[in-house]
Amino acid sequence: MFTPGKEKLSGISFGGFSFEPPASTTKPLSSNGLTTLTAAPTTSVQPAFGTTTLTRDDNSKVTNSSETREPKPQFTFLGGQLKLESPWRNMDWTEERRTSLMETITSYRPSCGEVPQARVLLLGPVSSGKSSFISSVQSVFNGRVTNRAMVGSFSSGFTKKSFNIRGKKGEDHTGLVLCDTMGMSEDGMTGLTLHDILLVVKGHVPEGHKFSPDQPVSASETVGYVKRPSLKDKVHCVAFVVDASKITTYPKGLSTTFKQLRKHISDLGVHQVALLSHVDQVCLQTAKDVTGVYESRTIQDVMGKAAALLGMSTSYIVPVKNYSSELDLDVNTDVLLLSAVDHILQYADLYFQDNAPQNKELKTVLEL
């Protein structure tokens, strides 16, 4: 037990931290022995986690043990970034995994016999990383970093272009085609419009068409307009691409655009996924070592924001790191990229399952 006038309160605890001021910063208030504490620049702040410490004049301590509890951290600080104790998704970062993914993608063929290749449309704002993703995937199969796609910022006049993904070292085409277009409109004035996007998905827009915001695609004005697209002309999966480093600065109206677009695309029976690009720009540790992408609390939080922006569950979203300034391939970066392609193909194949002849007949019967 202590007596006021012979004790001084040393361990003031609040918010999980306690201040232990040096003796030189105390000044007596009155003759009863009570003191006030004046914080100095060198005052240390240490985690207390609810522990209240009282110090007598003889420097002995009285601790309220009933308030003491041990912290149970779920993450650690690493280089100023939050690192989770366990990954929120499991990934096999090995050469064997890369080889396995490449074989899976190379051997993929749509389950619908009349369609030789799955057509995947990449959609996203300008500079979100669509073209860079295509180039990066091509680089993995080429065995060296190349930039064959149109990489850069375009606000108008971008041509629709499809890229066949070839097998390793220029082997025959895989069953995958990645379609690139100009960036989506963020302000309603520039970029790809909702009208044109839906016509691309439906298969009406010819290869090589040059988009222009002030000249929408139409059957009467667009040269080569496909009036009666077959199943192979249509888009079989849409992959939205959003920039992790800009996720909090995109215009508010973009979220509404995404959600409207997703509704219309869903009405066409086309499944959608999303790629979270530039994750290395929001997490320093991931930039140094991409294997930590699923251990990063920062990236996990950004993915949650991307899900809100797009109006979709995080289970549809995968992070990617595109090749940009690198000259050589990296096994771990390849695994992340190939895993994204495999993710896309799973949803593309759902389209063919939904549109298989027997399923279409069943759907017709149910609608009658």
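Residues numbered from 1 in each chain as written. Predicted model: local features only at pLDDT ≥ 70, side-chain atom pairs only at ≥ 80, totals over all residues. Heavy atoms only, no water.

Novice: Could you clarify how one ought to interpret the pattern of salt bridges in this entry?
Specialist: Think of it this way: side chains of opposite charge can pair up when their charged atoms draw near. By the definition in use, this model includes 5 salt bridges. Between R98 and D334 there is a salt bridge; the shortest N-O distance is 2.5 Å. Of this pair, R98 sits in helix α1 (residues 95-107) while D334 sits in helix α7 (residues 331-354); the two residues are 236 residues apart in sequence, bridging distant segments of the chain. For the pair R98 and D334, one class covers both residues: buried. For R297, the salt bridge identified is with D301, shortest N-O distance 3.4 Å. Of this pair, R297 and D301 both sit in helix α6 (residues 297-310), separated by 4 residues, roughly a single helical turn. Classification of R297 by relative accessible area gives partly exposed; the value is 28%. When its relative accessible area of 36% is taken as the criterion, D301 is described as partly exposed. Connected through shared salt-bridge partners, E95, R98 and D334 make up one network. (Salt bridge = Lys/Arg side-chain N within 4 Å of Asp/Glu carboxyl O. Helix = DSSP H or I, 4+ residues; strand = E, 2+ residues; numbered from the N terminus. Buried < 20%, exposed > 50% of the residue type's maximum accessible area, 1.4 Å probe, protein only.)

Novice: Explain the sheet that holds strand β15 (residues 317-319) to me, please; I cannot follow it from the model alone.
Specialist: In any sheet, the strands associate via hydrogen bonds between backbone groups, in a parallel or an antiparallel arrangement. Read across the open sheet, the 6 strands follow the order β11-β12-β10-β13-β14-β15; overall the sheet is mixed. Two strands in the sheet have a free side with no partner beyond their single neighbour: β11 (161-166) and β15. The average angle at which neighbouring strand axes cross in this sheet is 25°, direction not considered. Bridge count between strand β10 (residues 118-123) and strand β13 (residues 237-243): 4 bridges; the pairing is parallel. Bridge pairing in β13 places V120 opposite C237. Together, β10, β13 and β14 (271-277) form the strand contacts of helix α4 (residues 252-267), whose direction differs from that of β13 by roughly 170°. (Pairing = 2+ DSSP bridges. Axes fitted to C-alpha atoms, helices over the stretch in contact; angles between N-to-C directions. Contact = heavy atoms within 4.5 Å.)

Novice: Could you clarify how one ought to interpret the packing of aromatic side chains in this entry?
Specialist: Two measures describe an aromatic ring pair: the distance that separates the ring centres and the angle between the ring planes. Applying the stated rule across the entire model yields 4 aromatic pairs. Ring plane angle 90° and centroid distance 5.5 Å describe the contact between F240 and F258, whose orientation is recorded as edge-to-face. Here the residue F240 occupies a position in strand β13, and F258 occupies one in helix α4, the gap between them amounting to 18 residues. For the pair F240 and F258, a shared accessibility class is recorded, and that class is buried. Relative to Y347, the ring of Y316 lies with its centre 5.5 Å away and its plane at 55°, an arrangement referred to as tilted. One end of the pair, Y316, is in the loop between α6 and β15; the other, Y347, is in helix α7, and 31 residues separate them in sequence. In this structure Y347 comes out as buried when scored by relative accessible area, which is 18%. (Phe/Tyr/Trp six-rings, centres within 6.5 Å; stacked < 30°, edge-to-face > 60°.)

Novice: How do you make sense of the pairing of β10 when you look at a structure like this?
Specialist: Every other side chain in a regular strand lies on the same face of the sheet, so the side chains alternate between the two faces. Across the 6 residues that make up β10, a large majority, 6, are buried. Across 4 bridges, β10 lies against strand β12 (residues 173-180) in parallel orientation. Bridge pairing links R119 to V177 in β12.

Novice: Sorry if this is basic, but what is going on with α1 here?
Specialist: Side chains that are three or four residues apart share a direction in an α-helix, a result of its 3.6 residues per turn. Look at α1: 18 Å from first C-alpha to last across 13 residues, which is about the 18 Å you get at 1.5 Å a residue. Taken as a whole, α1 has its buried residues at R98, L101, M102 and I105. In an axial view of α1, the angular spread of the buried residues amounts to 100°, which keeps them on one side of the axis. Facing away from the buried side of α1 by more than 90 degrees, the exposed set consists of E96, E103 and S107. For α1, the secondary structure elements touched by its buried residues are α2 (130-142), β12 and α7. (Expected span 1.5 Å × (residues − 1). Arc of directions from axis to C-beta.)

Novice: What should I look at first to understand the packing of α1 against α7 in this one?
Specialist: Any two packed helices are characterised by the angle at which their axes cross and by the distance between the axes. Interaxial distance between α1 and α7 falls to 9 Å at its minimum, and their mutual angle equals 35°. The way α1 lies across α7 gives a crossing that is left-handed. In this structure, α1 uses E95, R97, R98, L101, M102, T104 and I105 to contact α7, whose residues at the interface are V331, D334, V335, L338, S339, V341, D342 and L345. (Left-handed = near helix turned anticlockwise from the far one by under 90°.)

Novice: Explanation requested: the nonpolar core in the structure shown.
Specialist: By size, the foremost hydrophobic cluster in this structure holds 85 residues, and its most contacted members are L123, F133, V238, F240, V242, L276 and I317. Ranked by residues supplied to this core, first place goes to α7 with 12 residues. Discounting chain neighbours no more than four positions away, the residues touching F133 are L122, L178, L275, V320, N322, L337, A340, V341 and I344. (Core = buried A, V, L, I, M, F, W, Y, C linked by side-chain atoms within 4.5 Å.)

Novice: In this structure, what is going on with the environment of S135? I would like to understand it.
Specialist: Following the sequence through the fold, S135 ends up in helix α2. For S135, a relative accessible area of 1% translates into the label buried. Spatially, the C-alpha atom of S135 lies 5.1 Å from that of N147, the residues being 12 residues apart in sequence.

Novice: Just to check I follow, could you spell out unusual backbone geometry for this structure?
Specialist: With the exception of glycine, the majority of residues adopt a negative phi angle, and the majority of peptide bonds are in the trans configuration. Located in the positive-phi region is S127, a residue other than glycine, with phi close to 65°. Tracing the backbone shows S127 in the loop between β10 and α2. Unusually for a residue other than glycine, H278 sits at a positive phi of about 60°. Relative to the assigned elements, H278 resides in the loop between β14 and α5 (284-288).

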